Amino acid sequence: MAKLSTAELIDAFKELTLLELSDFVKEFEEVFDVTAAAPAAVVAAAPGAAAPAAVEEQDEFDVVLESAGDKKIQVIKVVREVVSGLGLKEAKELVEAAPKALLEKVDKDAANAAKEKLEAAGAKIAIK
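Residues numbered from 1 in each chain as written. Predicted model: local features only at pLDDT ≥ 70, side-chain atom pairs only at ≥ 80, totals over all residues. Heavy atoms only, no water.

The chain goes by Large ribosomal subunit protein bL12 in an unreviewed UniProt entry, where it is assigned to Amycolatopsis sulphurea. Recorded in UniProt under Function (unreviewed entry), the annotation for the chain is "Forms part of the ribosomal stalk which helps the ribosome interact with GTP-bound translation factors. Is thus essential for accurate translation." Per UniProt, the comment on the chain under Sequence similarities (unreviewed entry) is "Belongs to the bacterial ribosomal protein bL12 family." (UniProt positions renumbered as here; feature names shortened; annotations may be inferred.)

Bringing the nonpolar core into the picture now. One recurring pattern in soluble globular proteins: nonpolar side chains tend to sit buried together. Counting 22 residues, the largest nonpolar core has Val63, Val75, Val79 and Leu118 as its most contacted members. Elements with a contribution of two residues or more to this core: strand S1 (61-67), helix H4 (72-82), helix H5 (88-96), strand S2 (100-106) and helix H6 (108-120). Of all the elements, H4 adds the most residues to this core, at five residues. If we skip the residues at most four places from it in the chain, Val63 touches Lys100, Ala101, Leu102, Leu103, Val106, Ala111, Ala114, Leu118, Ile125 and Ala126. (Core = buried A, V, L, I, M, F, W, Y, C linked by side-chain atoms within 4.5 Å. Buried < 20%, exposed > 50% of the residue type's maximum accessible area, 1.4 Å probe, protein only. Helix = DSSP H or I, 4+ residues; strand = E, 2+ residues; numbered from the N terminus. Contact = heavy atoms within 4.5 Å.)

Quick look at the packing of aromatic side chains now. Applying the stated criterion across every chain yields a total of three aromatic pairs. A ring pair is formed by Phe24 and Phe28, whose centres lie 5.9 Å apart and whose planes are at 40°; its orientation type is tilted. With Phe24 and Phe28 both in helix H2 (residues 18-32) and four residues apart, the pair spans about one turn of that helix. In this structure Phe28 comes out as partly exposed when scored by relative accessible area, which is 37%. Judged by centre distance (4.8 Å) and plane angle (45°), the rings of Phe28 and Phe32 are tilted. In this pair, Phe28 and Phe32 are both assigned in helix H2, four residues apart and thus about one turn of the helix distant. (Phe/Tyr/Trp six-rings, centres within 6.5 Å; stacked < 30°, edge-to-face > 60°.)

Below, the structure is given as structure tokens:
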């Protein structure tokens, strides 16, 4: 039997139906005593098959300043407190550029703590 190149094998697989490809995968697993988990998952997700989607819990949050509100000076002070390393000028520019992300990829507790402080100062905050 002539050896087929990778491109020739791919072309041959393109001509197969999903059922034929599924049968091939099963036969391949039996002959070589392996498990082809990824191709089997693709076949299982074929149109018409209802597969439950795995829901991952979000563990990184962004704290976004929507607006400074009426107490802009108070919000600037709290922004300097929440975002480390900011000077007065940088904090003012950040507040004036709203909507703007203040903290990115922080844990849930840090995001909620920053939100509480900023909202207490009069800012409008969104956590994404």
